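Okay, here's what each chain looks like letter by letter:
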Amino acid sequence: VWHNGLHPIPGDILMGVHAKVRSFAFSGLFSPSGKVRAALEPLLPRLPHNDSIGTLMRRRFGREVHEHLVDPLVGSIYAADTDRFSLAAVPQIAELAGRSRSVLLAARHTPASPPAPDAGPVFWAPREGMGRLAAATADAFTSSGGTLRSGTAVQRLEADSGGWRIDDEHFDAVVLACPASAAADLLRPSDDASADALNAIPAADVAMVTLAVPVSQWPERLLGMSGYLVPKPKQRLVTAASFGSQKWSHWSVEGSVVLRVSLGRDGLPVLQHDDDTLLHAAVTEVGQHLGLDLQPTASRITRWSGAFPQYRPHHARTVASIEQGLPAGVVLAG
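Residues numbered from 1 in each chain as written. Predicted model: local features only at pLDDT ≥ 70, side-chain atom pairs only at ≥ 80, totals over all residues. Heavy atoms only, no water.

A short note on the pairing of strand E4 (residues 163–166)
The pairing of strand E3 (residues 157–160) with E4 spans four bridges and is classified as antiparallel. Counted as the bridge partner of aspartate 160 is glycine 163 from E4. Hairpin connection of E3 to E4: two residues between the antiparallel strands, including serine 161 at a positive phi of 50°. Bridge count for E4 against strand E5 (residues 169–171) is three bridges, and the pairing is antiparallel. Pairing of arginine 165 across the sheet is with histidine 170, part of E5. (Pairing = 2+ DSSP bridges. Helix = DSSP H or I, 4+ residues; strand = E, 2+ residues; numbered from the N terminus.)

Brief notes about the pairing of strand E7 (residues 203–214)
When you tally the buried positions in E7, you get nine out of 12 residues, the bulk of the element. Note that E7 and strand E11 (residues 298–309) share nine bridges and pair antiparallel. Bridged to alanine 207 within E11 is arginine 303. Looking at chain direction, E7 and strand E10 (residues 256–263) are connected through eight bridges and run antiparallel. (Buried < 20%, exposed > 50% of the residue type's maximum accessible area, 1.4 Å probe, protein only.)

Brief notes about the nonpolar core
Grouped together as the largest cluster of nonpolar side chains are 27 residues, with contacts concentrated most on Ile53, Met57, Phe61, Val65, Val70 and Ile93. When residues of this core are traced back to their parent elements, those giving at least two are helix H3 (53–61), helix H4 (63–78), helix H5 (91–99) and helix H6 (103–108). Looking at this core, the element that brings in the most residues is H4, giving five residues. Membership of the second largest hydrophobic core comes to 26 residues, among which are Val213, Trp218, Phe243 and Val261. (Core = buried A, V, L, I, M, F, W, Y, C linked by side-chain atoms within 4.5 Å.)

Let's talk about the environment of leucine 278
Among the secondary structure elements, leucine 278 is positioned in helix H11 (residues 275–290). Between the C-alpha atoms of leucine 278 and leucine 259, which are 19 residues apart in sequence, the distance is 14 Å. In this view, leucine 278 contacts Ala207, Val209, Leu263, Val270, His273, Ile301 and Arg303; residues no more than four positions away in its chain are not counted. (Contact = heavy atoms within 4.5 Å.)

Details of the pattern of salt bridges
This model, assessed by the stated rule, comprises 18 salt bridges. Ionic pairing is found between aspartate 81 and arginine 84, a salt bridge with its closest N-O pair at 4.0 Å. Exposure remark for arginine 84: the relative accessible area of 35% places this residue in the partly exposed category. Residue arginine 165 pairs with aspartate 160 through a salt bridge whose shortest N-O separation is 3.1 Å. The network of salt bridges with shared partners includes Arg58, Arg63, Glu67, Asp81, Asp83, Arg84, Lys232, Asp266 and Arg312. (Salt bridge = Lys/Arg side-chain N within 4 Å of Asp/Glu carboxyl O.)

Points about the confidence of the model for the protein
Fine structural detail should not be taken from predicted coordinates in areas where pLDDT scores are low. Mean pLDDT over the protein: 90, with 94% of residues reaching 70 or higher. The least confident element of the protein is strand E2 (residues 17–18), whose mean pLDDT is 60; the most confident is H11, at 98. (pLDDT = per-residue confidence, 0-100.)

Some details on the sheet that holds E3
Taken together, the three strands give an open sheet; going across it, the order is E3-E4-E5, and neighbouring strands pair in antiparallel fashion. Here the strands that pair on one side only, and so sit at the sheet edges, are E3 and E5. Each strand axis lies, on average, 35° off the axis of its neighbour in the sheet, ignoring direction. (Axes fitted to C-alpha atoms, helices over the stretch in contact; angles between N-to-C directions.)

Considering the packing of aromatic side chains
The full count for this structure, using the stated rule, is five aromatic pairs. Ring geometry for tyrosine 78 and tyrosine 311: centres 6.3 Å apart, planes at 70°, overall edge-to-face. Here the residue tyrosine 78 occupies a position in helix H4, and tyrosine 311 occupies one in the loop between E11 and helix H12 (315–325), the gap between them amounting to 233 residues. Using a relative accessible area of 21% as the deciding quantity, one classes tyrosine 78 as partly exposed. The partly exposed category is assigned to tyrosine 311, whose relative accessible area is 26%. On the numbers, 5.0 Å between centres and 85° between planes, the contact of tryptophan 218 with phenylalanine 243 is edge-to-face. (Phe/Tyr/Trp six-rings, centres within 6.5 Å; stacked < 30°, edge-to-face > 60°.)

Below, the structure written as structure tokens:
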């Protein structure tokens, strides 16, 4: 985690909740007063835990633990502002909060699951990219007799003689596996209430800037690291950086270190900026974080509009209500 310098994430933690006191106590991520405040957690009474992650963690462990550790870890996964993000959407923490009065004591009594000797790397991915998962799913579907038509836009969804008409074709049932806003647009003619509820689910935009940096610019002190996270109070546009070619062996490029820089999250919009601004922010901010004068030899900018649905407190209740009100033959997924 970058907090006025790079600090290793304390060992023995579960989504930011420290299970062992020793690694936390010796971490440079927290001030002495922040450590004392966190140590008081087992003495606090049971608190309601049906709100945001931020609300719970600030009340139990104090501001520093939440802002310096929990928010960067959880926020980087969901492009979220955890002060507005549902606790129930992160079951690892929700389970600890519900198990006992003290979250810390519950974490300490969670049995450790050591990796198997042949477990391999910490991080895994398909060599051909995450799109290979979708391609494999499509292959399995078509080999089972299904018909797949890609690149076919859907304009209208209407009830039709006990089934549904999609544009000019009749189907028995429909699965809407699409962003909430797109599902809302399709449902609008037949179900205003569900469309309104779906439209109210927010989503965050992010941008990814991939950089190729000459090995000659890369110091030995950064070798072996997989990247770092930026706590919310320290963020400008960059929220995290992966040292991609050190994290994924198949990203290795001779003579270069490949970095993938994340910009934006819920509450920190970035897509209004042009490519030059995003590239400058990535190079400048990462360079300042690492104390380097980065001179990338190649770059790529990828924009992800509305790519991260944001699960506000009680999101599951919202989804259940929407699903209960859907007309027969229409199902939501994703």
